[in-house]
Amino acid sequence: MPNFDPATLDYILLAPQFIVTGLIFVCLALDLMVFGRGHRFIGWVAILGLGIGIGAQASLWGVRSSFAGVLRVDDYSNLFNIIFMAAGMGVVFLSFDYAERFFTQPGEFYAFLVAGVLGMGLMSQAQELLTAYIALELLGFSSYVLVSYAKTNLKSNEAGLKYIVLGSFSSAILLYGVSLLFGAVGSTMFTDIRAALGTSVATSAVAQIALVMITAGLAFKVAAVPFHMYSPDVYEGAPTPITAYLSVASKAAGFALTMRFVVMALWPVRGPVSDVIAFLAVLTMTLGNVVALRQTNIKRLMAYSSIAQAGYALIGVAAFFAAGDIAEQASRGVILQLIGYLFTTLAAFGGIIAFQVVADGRENISDLAGLSRRSPFAAFAIMSALFSLAGMPIFSGFMTKLFLFAPIARADLLWLVAIAVLNSTISLYYYLQVIRVMYSESPAGVTALNASTVAAIKAASIHHEEPVLVGASVAHGSGHAADSHGTSHGSHGAEPHGDVSPSSAGPWWRRRLTDGMEPELRFPIDPISIELGIGITLALAGMFALGLYPAPFVNLAYDASMALFAK
Amino acid sequence: MGYLSTMTLAPFIAALIIMLIPSERPGITRAVALVASVISFVLSLVVFAGYNWHQAGFQFREAYQWLPDYGITISLGVDGISAPLIILNAVVLLTGTVVSFKIADRPKEFYALFLVSVAGVFGVFASLDLFILFLAYDIAGLPMYPLIVIWGSTRKNYAALKLTLMHVAGSLFIWVGMIAIYVQAGAKSFDLEYLASQAHSLLTPGFQTIFFPVIFIGFGFLAAMWPLHTWSPDGHGAAPTAVSMVAAGVLMKLGAYGCIRVGVWLLPEGAMVWSPVFVTLGTIGAVYGGVMAIAQRDFKFVIAHSSVSHMGYVIVGISTMSLVGLNGAVLQMVSHGLMTALFFAMIGAMYDQAHTREVGIFGGLARNMPWYTGFFATACLASLGLPGLSGFIPELLIFLGAFQTYPIVGILCVATVALAATYMLRLVARAFFGPLSPRWASLHDLLPNEWFVGAFLVLSLIIVGVYPTPFLDMINASAAPVIERVGGVR
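To keep things clear, this report deals only with the structure shown in the data block.

The rules behind each value
All residue numbers refer to positions counted from 1 along the written sequence of the respective chain. Chain letters and ligand numbers both follow the written order, the letters beginning at A and the numbers at 1. Where local features are concerned, this predicted model is filtered to residues with pLDDT of at least 70; where side-chain atom pairs are given and counted, the filter is 80 or more; whole-chain, interface and lining totals use all residues. Where side-chain values are given, they derive from all heavy atoms of the structure, hydrogens and water being excluded. We call two residues in contact whenever any of their non-hydrogen atoms come within 4.5 Å of each other. Buried surface area refers to the total accessible area, computed with a probe of radius 1.4 Å, that the two partners give up upon joining, counted for both partners together. In the sections that follow, a salt bridge refers to a side-chain nitrogen of Lys or Arg positioned within 4 Å of a carboxyl oxygen of Asp or Glu. In the analysis that follows, any N or O atom pair within 3.5 Å is treated as a polar contact, provided that within protein one partner can donate a hydrogen and the other can accept it, and provided that, for residues neighboring in sequence, both atoms belong to side chains. Strands are runs of DSSP state E lasting at least 2 residues, helices are runs of H or I lasting at least 4, and numbering of each runs from the N terminus. All amino acids are sorted into three groups, where Ala, Val, Leu, Ile, Met, Phe, Trp, Tyr, Cys and Pro are nonpolar, Asp, Glu, Lys and Arg are charged, and the leftover types, Gly among them, are polar. Throughout, exposure labels follow a simple rule: accessible area from a 1.4 Å probe, protein chains only, divided by the maximum for the residue type, with under 20% read as buried, over 50% as exposed, and the rest as partly exposed. In short, DSSP must find at least two bridges between two strands for them to pair. Any residue with relative accessible area above 30% and no salt bridge may belong to a patch, with like charges joined within 9 Å and the nonpolar Val, Leu, Ile, Met, Phe, Trp and Tyr side chains within 5 Å. Surface accessibility follows the Shrake-Rupley procedure with a 1.4 Å probe radius. Residue values consider only the protein chains on display as shielding.

## Quick notes on the interface of chain A and chain B
In this assembly, 51 residues from chain A lie in contact with 53 residues from chain B. Taking both partners together, chain A and chain B bury about 4,600 Å²; carbon and sulfur atoms supply 74% of that area. Counting across the chain A and chain B interface gives two salt bridges. Here Asp-69 of chain B makes a salt bridge to Arg-332 of chain A, at a shortest N to O gap of 3.7 Å. Taken together, chain A and chain B are joined by five residue pairs in polar contact (both at pLDDT 80 or more). At the level of elements, helix H13 (325-358), helix H14 (371-374), helix H15 (376-389), helix H16 (396-410), helix H17 (414-440), helix H19 (508-514), helix H20 (530-548) and helix H21 (551-565) of chain A are the ones that each hand at least two residues to the side of chain A that touches chain B. The biggest single contributor to the side of chain A that touches chain B is H17 of chain A, with 14 residues. Residue composition of the side of chain A that touches chain B, by class: 33 nonpolar, eight polar and ten charged.

Dropping the structure here:
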């Protein structure tokens with residue numbers, strides 16, 4: 001161990017982490033002071049605090065320093081910290097409405113979220129196994145609470161229990177691996193492990209068993225097949241913003257630690273490690289996509305899709321065995337894939353949350369029917385995100401494919417590229433099913449407003465300030481389905497107002513213009529809160545920015561990956 | 001901003017503007033779409049007229065930094081192969097915009113998606129960077145799914161899914177082939193001219209032999225090359241009018257253009273090796289499409305299968321590796337794009353009134369729909385290759401090319417023309433002549449906007465048919481270097 005003299009440490013390097021730590025306590029303290037809708041205020045404080053944290057972290061850009069050999073502050077950890085804080089901000093934006101609607105005590109929720117962000121940030125900085133383990137547990141424990149946060153929801157409780165049991169199990173395996181490795185190497189520092197693995201220690205049984213166990217523990221964190229079993233159940237049961245949080249941030253943190261560990265500690269044995277990871281990657285993306293084909297629950301579908309996306313990122317890690325700048329380019333690809341996935345998932349879950357808040361927490365894909373008519377913005381966000389996940393252009397998914405495939409092909413793994421593209425073709429099939437339901441089908445249980453009904457409402461609203469049909473927007477699934485041609489129940493009462501269709505007059509060509517055309521169906525538009533709107537808009541903006549002009553993101557990722565590989 | 005970038009971005013920017021227009025004002029939406037398509041059309045005319053074929057090569061060059069780390073530049077330019085196709089796309093954009101004025105359900109979303117797709121097509125034809133070309137290629141195909149699912153008819157969900165999945169399956173091959181070419185050429189640049197310069201050095205003959213079919217099959221999906229054509233009848237049948245016009249009129253040409261620009265141009269030695277295989281597939285497509293068209297009972301399916309047949313000619317023309325054949329293939333793309341756009345515009349006008357597209361139940365329509373009959377019959381005559389209309393010259397050139405290198409293929413292709421005459425003339429005779437059934441007595445002739453579209457396209461067919469010289473000079477100037485690289489028949 002290096003000499004650990006508190007007086008000589010440069011504490012300013014950890015300023016962002018101190019800010020985030022302080023924010024946890026501010027959120028907790030505020031929870032004691034505000035009531036009811038006041039939780040929104042705590043949410044905004046969390047967003048503000050994380051924003052300050054991002055600023056502080058960005059001001060450390062270019063620094064390359066080791067904090068007593070235990071934590072490493074460089075552009076790699078800087079970028080990942082910024083990613084995690086941005087993810088935390090995004091999830092807070094998505095949580096306002098959901099928390100108000102489904103949680104009994106929304107206040108503490110934000111404190112746990114921020115605690116998770118701190119844990120993830122430390123995971124990306126750790127260069128010592130016990131520190132990494134503690135950071136991982138900080139993230140784990142806050143996640144266990146968050147998953148089961150909807151106290152009155154049985155599924156949420158079940159998910160929380162599963163997550164705790166399986167999470168502690170994987171932690172135990174990881175910790176056992178760490179202790180074995182300590183036995184073989186005599187140190188938990190990444191650099192010492194690297195030095196030892198360069199010698200005959202690498203072939204000893206103890207070291208090999210230890211590496212297998214540590215790999216399994218990390219694979220659990222990124223939900224790689226065959227360590228993914230918990231994730232569909234947990235993702236389905238967890239409150240929806242937390243599902244987004246787990247699939248984006250928690251997974252990215254797993255990758256941050258994995259890449260750091262492979263590059264700094266496992267470098268001498270990277271050949272076999274890459275082979276194992278390539279194998280896991282193929283399993284992960286294929287199984288995730290194939291099982292997703294059969295899902296009927298949107299959150300479960302997103303869980304399997306998230307497994308598949310982790311598989312794409314893993315193929316980047318599989319190219320680490322290659323020489324020089326190929327490995328650097330591969331890590332850049334993984335980072336960009338994670339950034340793209342962050343924006344995309346936040347946009348998708350933002351749309352899903354906007355739907356769930358109005359629709360009483362429904363989560364079957366068939367419940368999304370006609371979403372494009374009721375919530376055009378939410379439907380657009382989900383559609384864009386799903387196209388992006390399938391790797392379609394304009395969106396980030398297309399560009400991240402290039403960033404991952406170029407280094408892999410350079411490392412002579414063209415077959416992995418083929419499997420990955422084949423997988424994204426499979427995934428398009430189930431994404432298109434969701435898009436079809438949203439755009440092609442009519443909303444169930446909501447009455448369409450046709451031309452005469454609109455006229456009736458206008459006439460009625462001269463007398464009443466509140467149009468009658470606005471109330472219909474919350475009456476989802478209340479029995480009668482609107483028929484697809486707009487001649488719906490609402491129109492019966494409106495007959496006395498006369499037929500507003502102009503087909504009875506005018507020259508023949510004007511009659512032909514309207515005759516037989518499907519009338520435009522209008523539905524009451526579901527409300528969407530400002531916070532949720534901001535969250536979705538930011539996520540969409542990021543997605544389009546990365547898809548249309550990726551150069552700035554590439555430059556950031558370039559600095560980060562250079563720092564990762566720096567001596 | 002140069003001509004090409006303005007031409008490409010105008011529809012894209014119009015789509016963004018349309019997204020911001022409130023949906024209660026469809027009139028403004030239509031106006032914005034029309035203005036954008038007129039701008040693109042005028043600029044495409046400027047590019048076409050300004051292209052100096054004596055000088056040949058790429059002209060109207062523009063370049064913008066985009067992603068230097070991976071060697072990707074937004075590099076634009078046209079040559080004699082892409083300039084006629086740009087005109088074609090602009091015509092389809094303009095006519096598709098005008099013919100869609102009738103759309104009453106969510107016109108705002110319709111126009112936004114439609115314009116994005118067409119902007120993507122411009123991007124493919126104008127791009128000189130392999131990655132940007134492929135990006136634009138996928139942008140062009142992406143909006144097809146919502147366009148068909150929301151505004152389509154008969155079996156629209158199935159058709160849209162099939163079209164999109166097959167488009168993306170093609171992209172799968174292109175991804176692999178594109179990344180392989182990029183890495184093989186030193187992983188420095190996606191610039192097409194740089195890659196082409198490596199065709200006889202870094203891109204070794206062995207490499208080209210392996211990856212030429214990958215590229216050709218990838219683009220072949222969208223070019224409706226047999227047996228990858230199955231998306232086309234269903235997709236064209238289900239799509240709304242303007243989308244059928246784009247899908248059949250331009251999207252299929254994207255595939256064929258990719259086969260030439262990326263396949264034959266970048267991998268000439270592979271092209272020479274695989275020429276017999278793809279000539280065979282093209283011939284099968286031409287014959288198969290013709291036979292299937294005879295058996296169809298739905299107007300759109302007849303035209304869709306005849307498109308498969310005509311695109312079979314294009315594949316034959318490209319794969320004969322002769323200058324005459326390649327010239328014919330490019331001109332056939334233009335001609336076929338114009339005539340299918342006319343077909344689908346007319347069929348859409350009929351479907352709006354009659355709500356059916358079954359061939360057998362119509363009769364004697366010429367009596368109360370004279371303009372309609374005239375336009376439709378012109379398209380049919382162009383399709384069966386009547387001299388004086390656009391279909392004649394390109395088919396003749398393709399057959400000449402085929403006779404030069406594969407005489408048997410030439411004979412089969414000529415025989416296919418007889419098939420085309422059968423189904424086209426039968427279509428016209430059944431639907432428009434004979435006694436007028438009372439059921440259809442109430443049908444009216446074309447609306448003013450449909451009349452404009454019909455007249456515009458008929459005029460284009462006649463211009464290309466009567467005076468193809470400017471097209472041929474231009475195509476020949478740029479096709480000759482391609483054939484020279486391959487070492488084909490001049």
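## Focus: the pairing of strand E2 (residues 72-78) of chain B
Residues and elements named next belong to chain B. Counting buried residues along E2, five of its seven residues qualify, which places the element largely inside the surrounding structure. Relative to E2, strand E1 (residues 59-67) runs antiparallel, the two being bridged by six bridges. Residue Tyr-64 lies in a different strand from E2, and its bridge partner there is Ile-74. Between E1 and E2, which pair antiparallel in sequence order, lie four residues; one of them, Gly-71, sits at a positive phi of approximately 70°.

## Focus: a nonpolar patch on the surface
All names here are of chain B. A contiguous nonpolar surface patch, about 470 Å² in accessible area, is contributed by Met-1, Leu-9, Ile-13, Ile-17 and Tyr-64. The biggest single contributor to the nonpolar patch is helix H1 (residues 3-20), with three residues. Within the secondary structure, Ile-13 is located in helix H1. Accessibility expressed as a relative area gives 42% for Ile-13, which makes it partly exposed.

## Points about the pattern of salt bridges
Pairs can form between side chains of opposite charge whenever their charged atoms are close. Residue and element names in this part refer to chain A. Considering all chains together, one arrives at 27 salt bridges over all chains under this definition. Between Arg-260 and Asp-74 there is a salt bridge; the shortest N-O distance is 3.1 Å. Taken as a pair, Arg-260 in helix H10 (residues 240-264) and Asp-74 in the loop between strand E2 (71-73) and helix H3 (75-102) lie far apart in primary sequence, 186 residues in all. What makes Asp-74 buried here is its relative accessible area of 0%. One salt-bridge network, held together by shared partners, links Lys-155, Glu-158, Lys-162, Asp-233, Glu-236, Lys-299, Arg-300 and Glu-363.

## Side note on the environment of Val-282 of chain A
Residue and element names in this part refer to chain A. Here Val-282 shows up in helix H11 (residues 270-292). Expressed as a C-alpha distance, the spacing of Val-282 and Tyr-312, which sit 30 residues apart in the sequence, is 8.4 Å. Residues contacting Val-282, with those up to four places away along its chain left out, are Trp-415, Leu-416 and Ile-419.

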